[in-house]
Amino acid sequence: MMQPNEISRRDLLKAGVLAAAVPTAGVGAFYFGYSKVEGNPLRVGVLGTGDEGSVLLGAMNPEYIEVKSIADIRPYNQYRAFHGDCGVSARPGLMSVYGWKTEEEARKHVRVYADYLELLNQAKADGIEAVVIALPLHLHAKAAVAAMRRGLHVLTEKLMAHSITQCKEMSRVAAMTGKHLATGHQRHYNILYHEAVDKIKRGLLGNIHYIRAQWHRGNSPGGDSWQLPMPKNVKPTDVQANRLIRDLDGLKKELAAARGSEIETVAKKVAQKEAQIRDEVLAKGGEYEGTSFKSAKEYGYLDNAFEWTDAKTQEQKTYQRPAAEELLRWRLWARTGGGLMVELGSHQLDAASIFLAANNDYYHGTNTGQKIHPLKVLVSANRNLFEMDREVNDHITTLVEFPAPDYDPKTAVGKKRKICVQYSTINGNGFGGYGEIVFGTDGTMILEKEADLQMFRSETASKITTKAATGPTLDTQSSGPAQKAVAGGPKADVSRGYTEELEHWAWCIRVNPNNTDKALQPRCYPKVALGDAVIALGTNIAADLGQSLAFKESWFDIDSDETPEGDVLNVPGAKPDVNKDEYKV
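Residues numbered from 1 in each chain as written. Predicted model: local features only at pLDDT ≥ 70, side-chain atom pairs only at ≥ 80, totals over all residues. Heavy atoms only, no water.

A.B. asks: Help me understand the overall build of the protein chain, please; the structure alone is not making it clear to me.
C.D. replies: Helix and strand counts for the protein chain stand at 19 helices and 21 strands. Buried residues in the protein chain amount to 56% of all 585 residues. Taking as baseline every contact in the protein chain between residues at least 6 positions apart, the subset at least 24 positions apart corresponds to 66%. For the protein chain, the exposed area adds up to about 24,200 Å²; of that, 49% sits on carbon and sulfur atoms. (Helix = DSSP H or I, 4+ residues; strand = E, 2+ residues; numbered from the N terminus. Buried < 20%, exposed > 50% of the residue type's maximum accessible area, 1.4 Å probe, protein only. Contact = heavy atoms within 4.5 Å. Areas by Shrake-Rupley, 256 points an atom, 1.4 Å probe, with all protein chains shown as cover.)

A.B. asks: I tried to follow the sheet that holds strand S5 (residues 153-157) on my own but got confused; where do I start?
C.D. replies: Backbone hydrogen bonds hold the strands of a sheet together, and the pairing may be parallel or antiparallel. One open sheet holds the six strands; their spatial order is S3-S2-S1-S4-S5-S6, and the pairing between them is parallel. Each edge of the open sheet carries a strand with a single partner, namely strand S3 (111-113) and strand S6 (181-184). Between one strand axis and the next, the sheet turns through 25° on average, direction left out of account. Pairing analysis gives six bridges linking strand S1 (residues 42-47) to strand S2 (residues 65-71), with the strands arranged parallel. Within S2, the position partnered with Gly 45 by the bridge is Ser 69. Sitting on the sheet, helix H17 (residues 498-511) touches S1, S2, strand S4 (130-133), S5 and S6, and the angle it makes with S5 is about 165°. (Pairing = 2+ DSSP bridges. Axes fitted to C-alpha atoms, helices over the stretch in contact; angles between N-to-C directions.)

A.B. asks: Sorry if this is basic, but what is going on with the confidence of the model for the protein chain here?
C.D. replies: Detailed reading of the predicted coordinates is not advisable wherever pLDDT falls low. Residues of the protein chain with pLDDT of at least 70 account for 88%, and the chain-wide mean is 89. The low-confidence segment residues 1-8 (pLDDT under 50) makes ten contacts with residues lying over four places distant or belonging to another chain. Predicted confidence is poor over residues 468-494, with pLDDT under 50, and the contacts of this stretch with residues over four places away or in other chains come to 102 contacts. (pLDDT = per-residue confidence, 0-100.)

A.B. asks: Please explain the packing of helix H11 (residues 164-177) against helix H18 (residues 526-545) as it appears in this structure.
C.D. replies: Any two packed helices are characterised by the angle at which their axes cross and by the distance between the axes. One way to put it is that H11 packs onto H18 with a least axis distance of 10 Å and a crossing angle of 175°. One element, H11, and the other, H18, form an angle in the roughly antiparallel class. Contacts between H11 and H18 involve Ile 164, Cys 167, Lys 168 and Ser 171 from the former and Pro 526, Leu 530, Ala 533, Val 534 and Leu 537 from the latter. (Parallel < 35°, antiparallel > 145°, perpendicular 65-115°, else oblique.)

A.B. asks: Looking at this structure, I do not really get the nonpolar core. What am I missing?
C.D. replies: Soluble globular proteins: nonpolar side chains tend toward being buried together. Grouped together as the largest cluster of nonpolar side chains are 109 residues, with contacts concentrated most on Leu 47, Leu 120, Val 131 and Phe 355. Looking at which element gives the most residues to this core, the answer is helix H16 (residues 339-364), with eleven residues. In this structure Phe 355 touches Tyr 193, Ala 196, Val 197, Ile 200, Ile 208, Ile 211, Val 438 and Leu 447, once residues within four positions along its chain are discounted. Among the nonpolar cores identified, the runner-up in size contains 42 residues, and Ala 29, Val 55, Tyr 64 and Trp 505 belong to it. (Core = buried A, V, L, I, M, F, W, Y, C linked by side-chain atoms within 4.5 Å.)

A.B. asks: Just checking my understanding: could you explain helix H12 (residues 191-201) for this structure?
C.D. replies: An α-helix turns once per 3.6 residues; consequently, residues spaced three or four apart project the same way. With respect to burial, H12 is a largely interior element, ten of its eleven residues being buried. Turning to H12, its buried residues number three or more, namely Ile 191, Leu 192, Tyr 193, His 194, Glu 195, Ala 196, Val 197, Asp 198, Lys 199 and Ile 200. Where H12 begins, the side chain of Asn 190 points an oxygen toward the backbone nitrogen of Leu 192, at a separation of 3.0 Å. Positive backbone phi, at 80°, marks Gly 203, one or two positions downstream of H12. (Polar contact = N/O pair within 3.5 Å; in protein donor to acceptor, adjacent residues only side chain to side chain.)

A.B. asks: Hey, could you run me through the packing of helix H4 (residues 51-58) against H17 in this one?
C.D. replies: Where H4 meets H17, the axes come as close as 9 Å, and the angle between the chain directions of the two elements is 70°. By the angle between their directions, the pair H4 and H17 is classed as roughly perpendicular. In contact with Glu 52, Val 55 and Leu 56 of H4, H17 contributes Tyr 498, Glu 501 and Leu 502. The residue makeup of the contact of H4 with H17, split by class, is four nonpolar, no polar and two charged. (Nonpolar A, V, L, I, M, F, W, Y, C, P; charged D, E, K, R; others polar.)

A.B. asks: Looking at this model, I keep getting lost on the pattern of salt bridges. Mind explaining?
C.D. replies: Any two side chains of opposite charge can pair, on the condition that their charged atoms come close. Scanning the entire structure with this criterion turns up 35 salt bridges. Glu 63 is paired through a salt bridge with Lys 36; the nearest N and O atoms lie 3.3 Å apart. Placement of the pair is Glu 63 in the loop between H4 and S2 and Lys 36 in the loop between helix H3 (27-32) and S1, with a sequence separation of 27 residues. Look at Glu 63 and you get partly exposed, because its relative accessible area is 45%. (Salt bridge = Lys/Arg side-chain N within 4 Å of Asp/Glu carboxyl O.)

A.B. asks: I keep staring at the environment of Gly 538 and nothing clicks. Help me out?
C.D. replies: Its location among the elements puts Gly 538 in helix H18. Note on Gly 538: relative accessible area 0%, which makes it buried. Sequence-distant contacts of Gly 538, defined by excluding residues within four places in its chain, comprise Val 377, Ala 533, Leu 549 and Phe 551.

A.B. asks: Before we go on, may I ask you to explain the pairing of strand S10 (residues 304-309) in this structure?
C.D. replies: Note: S10 against strand S11 (residues 316-321), six bridges, orientation antiparallel. Bridging from a neighbouring strand, Glu 307 pairs with Thr 318 of S11.

A.B. asks: Is there a simple way to explain the environment of Arg 43 in this structure?
C.D. replies: Its place among the elements puts Arg 43 in strand S1. Sequence separation of Arg 43 and Asp 126 is 83 residues, and the distance between their C-alpha atoms is 9.1 Å. A polar atom in the side chain of Arg 43 sits 2.5 Å from the backbone oxygen of Gly 127.

A.B. asks: For this particular structure, what's the right way to read a nonpolar patch on the surface?
C.D. replies: Residues Leu 545, Leu 569 and Val 571 make up a contiguous nonpolar surface patch of about 210 Å² in total accessible area. Mapped onto the elements of the fold, Leu 569 is located in the segment after helix H19 (564-567). Since its relative accessible area comes to 36%, Leu 569 is described here as partly exposed. (Patch = residues over 30% accessible without salt bridge, like charges linked within 9 Å, V, L, I, M, F, W, Y side chains within 5 Å.)

A.B. asks: Please clarify how the side chain of Glu 169 should be interpreted in this entry.
C.D. replies: Structurally, Glu 169 is set in helix H11. Relative accessible area serves as the criterion here: at 1%, Glu 169 is assigned to the buried category.

A.B. asks: In this structure, what is going on with the pairing of S1? I would like to understand it.
C.D. replies: When a strand is regular, its side chains alternate between the sheet's two faces. Counting buried positions along S1 gives five out of six residues, so the element sits mostly inside the fold. Tracing the backbone out of S1, into H4 and back to the parallel element S2 gives a crossover that is right-handed. Sheet topology note: the S1/S4 ladder contains four bridges and is parallel. When the bridges of S4 are listed, Val 46 appears paired with Val 132. (Right-handed = clockwise from strand over helix to strand, strands pointing away.)

A.B. asks: Just checking my understanding: could you explain unusual backbone geometry for this structure?
C.D. replies: Most peptide bonds take the trans form, and the phi angle of most residues other than glycine is negative. Here the amide bond leading from Lys 158 into Leu 159 is cis, since omega sits at -5°, within 30 degrees of zero. Phi at Gln 314 is positive, roughly 65°, even though this residue is not glycine. Within the element layout of this structure, Gln 314 appears in the loop between S10 and S11. Residue Gln 314 is classed as exposed on the basis of its relative accessible area, which comes to 53%. Unusually for a residue other than glycine, Asn 515 sits at a positive phi of about 55°. Tracing the backbone through its elements, the reader meets Asn 515 in the loop between H17 and H18. You can call Asn 515 buried: its relative accessible area is 8%.

A.B. asks: How should I be thinking about the packing of aromatic side chains in this particular structure?
C.D. replies: Each aromatic ring pair is specified by the distance between its two centres and by the angle formed by the two planes. Applying the stated rule across the entire model yields eleven aromatic pairs. Ring geometry for Trp 215 against Tyr 434: centres 4.2 Å apart, planes inclined by 10°, an arrangement best described as stacked. Pair noted here: Trp 215 is in strand S7 (residues 208-216) and Tyr 434 is in strand S15 (residues 434-440), with a separation of 219 residues, a long-range link. For Trp 215, a relative accessible area of 13% corresponds to the buried category. Of the aromatic side chains, those joined through ring pairs into one cluster are Tyr 31, Phe 32 and Tyr 189. We note Arg 321 situated over the ring of Trp 333; from NZ or CZ to the ring centre the distance is 4.8 Å. Note that Arg 390 overlies the ring of Phe 386, its terminal NZ or CZ placed 3.5 Å from the centroid. (Phe/Tyr/Trp six-rings, centres within 6.5 Å; stacked < 30°, edge-to-face > 60°. Lys NZ or Arg CZ within 6 Å of the ring centre and 35° of its normal.)

Dropping the structure here:
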């Protein structure tokens, strides 16, 4: 049953008066049931300030969080942490967020480190209480465990970790140390997605029986956002080796011709491109802005070579990958990243499981929000566009079976009561963008690009349309007679969920510092994050094996030592152990 406060939030959103109703906090604070932090803002260090780390920096609310230090082994990322990304509103930089006029002024407030372990070693001296982790995936567990053992709370970017074994280790250390461990699946704090859940719980779709989702991108060889150009002396033979220099020369010519207000804009682009070229230090090591940098190999990244036969010419070829390329393009490699399912699919399968939990509550008349675990996944994973300049696939299509609310494996009919989630993520064609379509017996709901909400209800021939100032699109339609509008949706100016995610994490730490009250935890706490990781990493395992994978309930249990790495892949030592030497600092 819907709680009274949920109804009041929904009604206030419909009336468009939510902002006026909560003048001392924010829309997210009122909507998700937290308030402003008492006393001083939470003092944090940020580990990793690349693409996603800079988004998190841009989402910081100074009333909740004070950034005391940052760590990144790339000079370019250190630059972006302060100055942001030109033309990318989601990455405005710390100077913009906190109102500092110059990088020199900002560095008086924020300590800068290269290796994240240096930041953790100085955490107590810097007065840090918690860390935000946006490092490459393979470092999430190591950094999180090291931080919690040093008495620091943690918010780590998704996916929780590189393996389920690591996820369980992190979860156990969090319980052992009494620290909050949150994972950045920001859809848990997206108001439009929360509104979708509300509609499902109120039965506006009837019973959900199918979900279709996709994330399609136009990335292709020579234009892949994950294969960013590298400085020439990192890898002179790279096909994009001269691109940064060409881009810089072009910007300098543009600057020379600029007039008036254009000068400042183009000058910022020149400075950012020069900072990107400074990543050449990763080849052999060096110094920048008073910070010493080691080579990528000294930081633990690896040289490698990949051999294959050209399908057209039958010629034997070799792709040489220096250690710095493994770092700069970490999403492309199996050791450091998790590919499309980790970076994209985890968001949408997380959303699907949230919707199915709401459907379960509607069917049973409960309000638990308990996420539903999948039964099995079937996968088709391919590399249709790219050759050996990566290890991850560029096309993945999945069918994930979840139990319906009346699923019963003991009866002939009951064991067929399943809900299928069809998901595809591809490169080379961005038609349709990204989003989710939820099919119910009474209507259909489509979430598109986190920006709009539409819903069509077949039995009343009615339509709901909602648009947000930023973010998600929820669009719902069904076959049947002509439609007419029946209701409105949230009209507040809301974010994609990053700001609310960070605010709530900080608030939970302030009001429940020892994590003794399990009712006062971030929405994506370890049990929830582990479930998302099992689905994404389990799908990757099925793809690698070329066969379907049946999920074991024990994989979702933090206290169980069973993991897909040990049970399916037979990886030696794939057993969670909070005392592993790998995590001792």
